[in-house]
Amino acid sequence: MNSIDEKLQPILSTVLHRNAGEEEFHQAVHEVLESLGRVISKHPEYADEALIERICEPERQIIFRVPWIDDRGDVQINRGFRVQFNSALGPYKGGLRFHPSVNVGIIKFLGFEQTFKNALTGLPIGGGKGGSDFDPKGRSDREIMRFCQSFMIELHRHIGEYIDVPAGDIGVGGREIGYMFGMYKRLTNRYEAGVLTGKGLSYGGSRARTEATGFGTTYFVQRMLGTRDTGFEGKRCVVSGSGNVAIYAMEKILSYGGIVVACSDSDGYVVDEAGIDLALVKEIKEIRRGRISEYARLKGEGSHYIKGGSVWDVPCDVAMPSATQNELTGTDARTLIKNGVIAVGEGANMPCTPDAVHLFQKAGVLFAPGKAANAGGVATSALEMQQNASRDSWSFEKTEERLATIMHNIHDACAATADEYGAPGNYVLGANITGFVRVAEAMRAMGVI
Ligand code: NDP
């Protein structure tokens, strides 16, 4: 890891001590503090009144029991979380993740990142995140519904359109949001459309929200490639995952003339030299809710499936890690660099380990951090809130145009900040500083809160 300014060392020590064992949270704080040394040298006032310490401490953390009954009639218990990290810029905003790996440290890392990401969008949203260690895999539709309803019976006390607005994340898509919204409506006796985003179009959802994160990441990377006078056209791309972010990243890459040669899920990856057939991936994942291994069986000749292994072994020009945190390691980064990768765009949150990021930067590979590159999802969620507040519904074209403008602005702001702080082309630094300054300005104006 890179070093941290000595004035910020005590802050990191406190975070490590106070949040013992929460490795992903430590990693996320470490990365932001690494960038802030340059800020406090130039603007020492940002270190006053324990501002940075306050930014590293969530405003509120809620942990609750989620009991539910499975199809056999047995009682199951899961744990629910909501971390309301920072509300300086607006109501807490951030997704819900249902995955067995979820714990408080993971939710805190995601909420911390979300605070800066949301600030980067320029829209009035604070940062939060939540979820459960519930594993939706293999569960029937009825079980998913009962779980979502039980989860909302507790969560509804803590959220609201002016308080905290959750959305989807890993394991939480349109189906789950629908079940949760239905229960929220019933419990509160209010049609408060702006309390959740990622809703279906028939009850207050926004067009282009489903596509937004994957499309947004691709817009960002296209603009980043533009700084080297190139673009996706004709480039070999590898996208990890085959969920919401991955599917729509692939769709936008294809529309730019790129060729996606591999994608994955948590069991393994498929390679198709002729280019991944996205319609088939959508059918397997969005309709059948199946495994990516089925791709090779259905597609047949020209494609093959590799169980386990690393999708980053497949040579490419552009890599888009879009599955989960720490999925691309230093070893993977070395392989990608050896194979001639020119750009990496994080569709997922913190998918590259710190040593992988460092290796990319050292090798001169363009690197787009998730905090900036995947902000299109939450930005479009904020556009969904705008539509709900004005009881309006925009066209796909209008929404996508707003998304594209937001992503270009984020890219340009990160690039300009990196230049201003003497690190041209360092989007990690640019994103961390731009997001931090926006949150810090608002917090300074509000006194010690
Ligand atoms: P989905 O649940 O739709 O898809 C996740 C994909 O990643 C699946 O293919 C899944 O495979 C794979 N995956 C999950 N965990 C692992 C793991 N431990 N190892 C390998 N593969 C894994 O989630 P999303 O596409 O919504 O989210 C993906 C990433 O993008 C997450 O980091 C999320 O926080 C981030 N993100 C999402 C946003 C959104 O709008 N959805 C917004 C911003 C960021 P399998 O099915 O086998 O589990």
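Everything that follows concerns the structure shown earlier in this document.
Since the structure is predicted, the reported quantities are computational estimates derived from the model, not experimental observations.

Turning our eyes to something else, we now look at the site of the ligand. Taken together, 25 residues surround the ligand, and among them Asp169, Thr213, Ser266, Arg291 and Asn349 come closest. Within the side chain of Asp169, an N or O atom sits 2.6 Å from an oxygen atom of the ligand. Separating an oxygen atom of the ligand from a backbone N or O atom of Gly171 is a distance of 3.0 Å. Relative to its free-state accessible area of 890 Å², the ligand is covered by the protein chains to the extent of 83%. Looking at the shell around the ligand residue by residue, the class counts come to 4 nonpolar, 14 polar and 7 charged.

In this structure, Glu49 takes a positive phi of about 50° despite not being glycine. Inspection of the secondary structure puts Glu49 in the loop between helix H2 (23–42) and helix H3 (51–55). Judged by relative accessible area, which is 58%, Glu49 ranks as exposed. Although it is not a glycine, Asn326 sits at a positive phi angle of roughly 55°. Given the relative accessible area of 27%, Asn326 is considered partly exposed.

Turning next to the packing of aromatic side chains. With the rule as written, the count across this model stands at 19 aromatic pairs. A ring pair is formed by Phe232 and Tyr256, whose centres lie 6.1 Å apart and whose planes are at 5°; its orientation type is stacked. Of this pair, Phe232 sits in the loop between helix H7 (209–226) and strand S6 (236–239) while Tyr256 sits in the loop between helix H8 (244–255) and strand S7 (259–265), and the two are 24 residues apart along the sequence. According to the relative accessible area criterion, Phe232 is buried, its value standing at 0%. Aromatic rings pair up to connect Phe64, Trp68, Phe98, Phe134, Phe147 and Phe151 into one cluster. We note Lys42 situated over the ring of Tyr421; from NZ or CZ to the ring centre the distance is 4.6 Å. A cation over an aromatic ring shows up here: Lys252 above the ring of Phe215, its NZ or CZ 4.5 Å from the ring centre.

Before going further, it helps to examine the pairing of strand S2 (residues 75–86). Strand direction decides the pairing type here: strand S1 (residues 60–69) and S2, joined by 10 bridges, are antiparallel. Residue pairing for S2: Ile63 is matched across the bridge by Phe81. Where S1 hands over to S2, the hairpin turn is made up of 5 residues, of which Gly73 adopts a positive phi near 90°. Two strands pair when backbone bridges link them, and S2 and strand S4 (residues 127–132) are joined in this way by 6 bridges, in the antiparallel orientation.

Of all 6 residues in S4, 6 are buried, a share of seventy percent or more. What you see with S4 is no split at all: Gly127, Lys129 and Gly131 on one side and Gly128, Gly130 and Ser132 on the other are buried throughout. Pairing of strand S3 (residues 92–98) with S4, which is carried by 3 bridges, proceeds in the parallel orientation. Looking at the pairing, Leu96 lines up with Gly130 of S4.

In contact at an axis separation of 7 Å, helix H15 (residues 396–420) and helix H16 (residues 427–445) are set at 100° when each is read in the N-to-C sense. Taken together, the axes of H15 and H16 are roughly perpendicular relative to one another. Residue-level inspection shows His411, Ala413, Cys414, Ala415, Thr417 and Ala418 of H15 in contact with H16, the latter providing Tyr427, Gly430, Ala431, Ile433, Thr434 and Arg438. Its residues placed into classes, the contact of H15 with H16 shows 7 nonpolar, 4 polar and 1 charged.

A few words on H2. Over its 20 residues, H2 extends 30 Å from the first C-alpha to the last, a length consistent with the 28 Å expected when each residue adds 1.5 Å. A large share of H2 lies buried, amounting to 14 of its 20 residues.

Considering all chains together, one arrives at 26 salt bridges under this definition. When the shortest N-O distance is used, the salt bridge between Asp141 and Arg175 registers 2.8 Å. Remark: Arg175 occurs in helix H6 (residues 174–188) and Asp141 occurs in helix H5 (residues 141–155); sequence separation between them is 34 residues. According to the relative accessible area criterion, Asp141 is partly exposed, its value standing at 40%. On the accessibility criterion, Arg175 (21% relative accessible area) is partly exposed. Note that Arg288 and Glu283 form a salt bridge whose closest N and O atoms lie 3.0 Å from each other. The exposure class assigned to Arg288 is partly exposed, which follows from its relative accessible area of 40%. Connected through shared salt-bridge partners, Asp265, Asp267, Lys285 and Arg291 make up one network.

Turning our attention to the sheet that holds strand S11 (residues 343–345). If you trace the 7 strands from one edge of the open sheet to the other, you get S9-S8-S7-S6-S10-S11-S12, paired in mixed fashion. Two strands close off the open sheet at either side, each with one partner strand: strand S9 (303–307) and strand S12 (366–368). Between one strand and the next, the sheet's axes are offset by a mean angle of 15°, whatever the strand orientation.

Procedures and definitions
- Residues numbered from 1 in each chain as written.
- Predicted model: local features only at pLDDT ≥ 70, side-chain atom pairs only at ≥ 80, totals over all residues.
- Heavy atoms only, no water.
- Near = heavy atom within 4 Å.
- Polar contact = N/O pair within 3.5 Å; in protein donor to acceptor, adjacent residues only side chain to side chain.
- Areas by Shrake-Rupley, 256 points an atom, 1.4 Å probe, with all protein chains shown as cover.
- Nonpolar A, V, L, I, M, F, W, Y, C, P; charged D, E, K, R; others polar.
- Helix = DSSP H or I, 4+ residues; strand = E, 2+ residues; numbered from the N terminus.
- Buried < 20%, exposed > 50% of the residue type's maximum accessible area, 1.4 Å probe, protein only.
- Phe/Tyr/Trp six-rings, centres within 6.5 Å; stacked < 30°, edge-to-face > 60°.
- Lys NZ or Arg CZ within 6 Å of the ring centre and 35° of its normal.
- Pairing = 2+ DSSP bridges.
- Axes fitted to C-alpha atoms, helices over the stretch in contact; angles between N-to-C directions.
- Parallel < 35°, antiparallel > 145°, perpendicular 65-115°, else oblique.
- Contact = heavy atoms within 4.5 Å.
- Expected span 1.5 Å × (residues − 1).
- Salt bridge = Lys/Arg side-chain N within 4 Å of Asp/Glu carboxyl O.

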